[in-house]
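# Structural overview for review
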Amino acid sequence: MAPAIMTLAADAPELSAANTGFMLICSALVMLMTPALAFFYGGMVRVKSTLNMLMMSFISLGIVTILWVLFGFSLAFGTDVGSIVGWSSDYVGLSGIGVTELWDGYTIPVYVFAVFQLMFAIITPALISGALADRVKFTAWALFITLWVTVVYFPVAHWVWGSGGWLFEMGVIDFAGGTAVHINAGAAALGVILVIGKRVGFKKDPMRPHSLPLVMLGAGLLWFGWFGFNAGSWLGNDDGVGAVMFVNTQVATAAAMLAWLAYEKIRHGAFTTLGAASGAVAGLVAITPSGGAVSPLGAIAIGVIAGLLCAMAVGLKYKFGYDDSLDVIGVHLVGGVLGSLLVGLFATGGVQSDVKGLFYGGGLEQLGKQAVGVFAVLAYSLIASAILALIIDKTMGMRVSEDDEVSGIDQVEHAETAYDFSGAGGGASSRGTAAPAPAVTENKKVDA
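Residues numbered from 1 in each chain as written. Predicted model: local features only at pLDDT ≥ 70, side-chain atom pairs only at ≥ 80, totals over all residues. Heavy atoms only, no water.

## Quick notes on the overall build of the protein chain
Condition: We count a stretch as a helix when DSSP gives it H or I for four or more residues in a row; a strand needs E for two or more, and each element gets its number in order from the N terminus. Exposure categories follow from relative accessible area, calculated using a 1.4 Å probe and restricted to protein chains: below 20% of the type maximum is buried, above 50% is exposed, and the middle band is partly exposed. In what follows, residue pairs with any heavy atoms lying within 4.5 Å of each other are defined as contacts. Each accessible area value is a Shrake-Rupley result obtained with a 1.4 Å probe; residue values ignore everything except the protein chains displayed when judging cover. Asp and Glu are treated as the negative residues and Lys and Arg as the positive ones, with His and the ends of the chain left uncounted. Taken as the charge location is NZ of Lys, CZ of Arg, CG of Asp or CD of Glu.
On a plain count of helices and strands, the protein chain comes out with 15 helices and four strands. Judged by the C-alpha coordinates and their principal axes, the protein chain covers about 90 × 50 × 45 Å. The buried share of the protein chain, taken over its 448 residues, is 55%. In the protein chain, the share of contacts with a sequence separation of at least 24, taken over all contacts with a separation of at least 6, comes to 77%. Summed over all atoms, the accessible surface of the protein chain reaches about 18000 Å², with 66% contributed by carbon and sulfur. On the protein chain, the mean spot of the 20 positive side-chain charges and the mean spot of the 29 negative ones are 17 Å from each other.

Now the structure itself:
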């Protein structure tokens, strides 16, 4: 992604209806990814936490949209201030933008760029929620999103993609969000769970996914929406780079899924649906920063590496004792780090730029730049997120009570349950035996 600050010039390009329409479709695809993530996460938790998991993603659609319009777009993509953050009064409330005003150097309106970037801002905090399943107050989560996007996401987006941002100017390559989205979210997840602690029964009670079909549905929709996420990040396709990114997205995802399944079969003796879904997401994450710089063969390599190493990484929580409920760290943080660093090895110099990685004769220079971007975002997000979580925890409390967690966060926080079987009658019991006959008094049935 190569955004720049809007400056009108006499030779500015004309608005392209084709690119504008393409980007609006891509924006809609990226928006779909947040409900898809809700399904993906929602199926992975226990029944009693399903609705809470869905809502932790959906609330981001509301909160971040309003913040983005009010000041987020200005902080992320306004005129550079000290290479750290942006600010442009015309972007506050999106009030000073002309209807046909173009994003500098591109053929799409500023409004289209703003709404496309909004969808990235929405899904990033939603990604964090998977690490916090079962135990966070909904009001505390809503406040955390508000503070986190303001203090962490908006500035980091400027670092990485804003003209004048220090990582952008350094030449760090992040085509669609390996640092700004996935490392950012993964590091934040680690910071928060170190503050709020483990779920009741972690490493003792079974915490298996309650609906693997829901997980697969979410993964499939994420895969579908990710084409807009990645291919759209070139902001048009006049030169074919977006098409290469589209191909690489499919290729890396397929390779990662197969690699994860192979690892599972060797390590655990089975090919699982959860493994297939998780492997696909790992591939999507890893190709996000790198897909505009590598060839399809490079995309296969990146997918295989991400599939294998992310599969290994998800078990680290049991070794080190941190409770990452749905493997946000193992998939998004590790996958984002891998994808960002591998640019320094597999960049061909023939796609989005002439920058070459080590394997194509470019030496270690780009790998060094990528490492700076990776660890700067990781460290800032980890520390800032932990501080925000600690402040919230010490003031209003971040977690529900132990009794509420055990009884079920859906009922406590939302006064609902995901599935209501009270109206269902007859059929077999969960053990496969016949359901007991209803009691009979004076030849009349009495409801049990």
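What follows picks up the thread again.
## Observations concerning unusual backbone geometry
Backbone geometry places Lys203, a non-glycine residue, at a positive phi of 70 degrees. Topologically, Lys203 is positioned in the loop between helix H6 (178–196) and helix H7 (212–231). A relative accessible area of 52% means that Lys203 is categorised as exposed. With phi around 65 degrees, Asp327 is a residue other than glycine that occupies positive phi space. Within the secondary structure layout, Asp327 lies in the loop between helix H11 (316–320) and helix H12 (328–346).

## What about the environment of Asp410?
The condition that has to hold: Under the rule applied, a polar contact is a pair of N or O atoms within 3.5 Å (in protein, one hydrogen donor and one hydrogen acceptor; residues adjacent in sequence only if both atoms are side-chain atoms).
Tracing the backbone shows Asp410 in helix H15 (residues 409–414). Taking C-alpha positions, Asp410 is 8.7 Å from Asp134, a pair spaced 276 residues apart along the chain. When sequence neighbours within four positions are dropped, the list of residues in contact with Asp410 reads Val47, Lys48, Ser49, Thr50, Leu51, Asn52, Ala415, Glu416 and Ala418. Only 2.9 Å separates the side chain of Asp410 from the backbone nitrogen of Leu51, close enough to count as a polar contact.

## Considering the packing of aromatic side chains
Inclusion rule: Ring pairs shown here join Phe, Tyr and Trp side chains whose ring centres sit within 6.5 Å, with only the six-membered ring taken for Trp; geometry is labelled stacked below 30 degrees between planes, edge-to-face above 60, and tilted in between.
In total, this model carries 26 aromatic pairs according to the counting rule given. Aromatic pair Phe120 and Phe229: ring centres 4.3 Å apart, planes at 20 degrees, arrangement stacked. Residue Phe120 is located in helix H3 (residues 110–128), and its partner Phe229 is located in helix H7; the two are separated by 109 residues in the primary sequence. Residue Phe120 shares its accessibility class with Phe229, and that shared class is buried.

## Regarding the layout of surface pockets
Rule in force here: Cavities and pockets are found on a 1 Å grid laid over the protein atoms alone: a cavity is a set of points where a 1.4 Å probe fits but cannot escape, a pocket is an open set with protein on both sides within 12 Å along at least five of seven lines, and a lining residue has an atom within 4 Å of such a point. Grid points are joined across faces, edges and corners, and a volume is the space filled by probe spheres set on the points. Under the scheme applied, nonpolar residues are Ala, Val, Leu, Ile, Met, Phe, Trp, Tyr, Cys and Pro; charged residues are Asp, Glu, Lys and Arg; polar residues are all the others, including Gly.
Approximately 860 Å³ is the volume found for the largest pocket. For the largest pocket, the lining is made up of 34 residues, of which Leu274, Val314, Lys317, Tyr318 and Asp327 are closest to its centre. Elements represented by at least two residues in the lining of the largest pocket include exactly helix H8 (241–268), helix H9 (273–290), helix H10 (296–313) and H11. A breakdown of the residues in the lining of the largest pocket according to their chemical character gives 17 nonpolar, six polar and 11 charged.

## Topic: the confidence of the model for the protein chain
Worth spelling out the cut-off: The quantity known as pLDDT measures the predictor's confidence residue by residue, on a range of 0 to 100.
Mean pLDDT over the protein chain works out to 92, with 92% of the residues at or above the 70 mark. Below a pLDDT of 50 lies the segment residues 1–10, which in the model reaches 35 contacts outside its immediate sequence neighbourhood of four places, other chains included. Counting contacts from residues 426–448, a segment whose pLDDT is below 50, to residues more than four positions away or on other chains yields nine contacts.

## Some points on the pattern of salt bridges
Convention followed: Each reported salt bridge corresponds to a side-chain nitrogen of Lys or Arg within 4 Å of a carboxyl oxygen of Asp or Glu.
Counting across every chain of the model gives seven salt bridges. For Asp134, the salt bridge is made with Arg46, and the minimal N-O distance between the two is 3.1 Å. You can see Asp134 sitting in the loop between H3 and helix H4 (138–161) and its partner Arg46 sitting in the loop between helix H1 (17–44) and helix H2 (50–77), a full 88 residues away along the chain. The class for Asp134 is buried, based on a relative accessible area of 3%. Here Arg46 falls in the buried class, since its relative accessible area comes to 16%. A single network of salt bridges, built from pairs that share partners, joins Arg46, Asp134, Arg135, Arg199 and Asp323.

## Digging into the packing of H6 against H12
Heads up, the rule is: Interaxial angle, 0 to 180 degrees, is taken between N-to-C directions of lines fitted to C-alpha atoms, where a helix line uses only the stretch in contact. Working rule for handedness: look at the near helix, and if it is turned counterclockwise from the far one by less than a right angle, call the crossing left-handed; if clockwise, right-handed.
Running from N to C, H6 and H12 point in directions that differ by 145 degrees, and their axes come no closer than 8 Å. Seen along the crossing, H6 lies across H12 with a hand that is left-handed. Contacts between H6 and H12 involve Gly178, Thr179, His182, Ile183, Ala185, Gly186, Ala187, Ala189, Leu190 and Ile193 on the former and, on the latter, Val328, Ile329, His332, Leu333, Gly336, Val337 and Ser340. Among the residues making up the contact of H6 with H12, the classes are represented as 10 nonpolar, seven polar and no charged.

## What to know about the environment of Gly368
Topologically, Gly368 is positioned in helix H13 (residues 365–395). Placed 27 residues apart in sequence, Gly368 and Leu341 show a C-alpha to C-alpha distance of 8.6 Å.

## Remarks on the packing of H7 against H8
What counts, and what does not: Roughly parallel means an angle under 35 degrees; roughly antiparallel means over 145; roughly perpendicular covers 65 to 115; every other angle is labelled oblique.
Between H7 and H8, the least distance of the axes is 9 Å, while the angle of their chain directions is 140 degrees. Comparing their axes, H8 and H7 come out oblique. Here H7 and H8 pass one another in a crossing that is right-handed. Residues Trp223, Phe227, Asn230 and Ala231 of H7 pack against Gly242, Met245, Phe246, Thr249, Gln250, Thr253, Ala254 and Met257 of H8. Tallied by class, residues from the contact of H7 with H8 come to seven nonpolar, five polar and no charged.

## Section: the side chain of Thr20
Tracing the backbone through its elements, the reader meets Thr20 in helix H1. In this structure, Thr20 is in contact with Leu15, Thr107, Ile108, Pro109 and Val112, ignoring residues within four places of it in sequence.

## Re the nonpolar core
One recurring pattern in soluble globular proteins is that nonpolar side chains are buried together. Here is the rule we go by: Only buried residues count toward a nonpolar core, which is a set of Ala, Val, Leu, Ile, Met, Phe, Trp, Tyr and Cys residues joined through side-chain atoms within 4.5 Å.
Core analysis: the biggest nonpolar cluster contains 111 residues, and Phe40, Phe73 and Leu132 have the highest contact counts within it. The biggest single contributor to this core is H4, with 15 residues. In contact with Phe40, not counting residues within four places along its chain, are Leu214, Val215, Gly218, Ala219, Leu222, Ala277 and Val281. The next biggest cluster of nonpolar side chains, apart from the first, holds 15 residues, and it includes Ala252, Ala299, Ile302 and Phe346.

## Examining H3
As a reminder, the rule being used: How far a helix is expected to stretch is found by multiplying one less than its residue total by 1.5 Å.
Taking 1.5 Å per residue, 19 residues should reach 27 Å; H3 reaches 29 Å between its end C-alpha atoms and fits that length. By the criterion of burial, H3 is predominantly enclosed, with 17 of the 19 residues buried.

## Side note on the environment of Gly225
Note that Gly225 resides in helix H7. With 171 residues separating them along the chain, Gly225 and Leu54 place their C-alpha atoms 18 Å apart.

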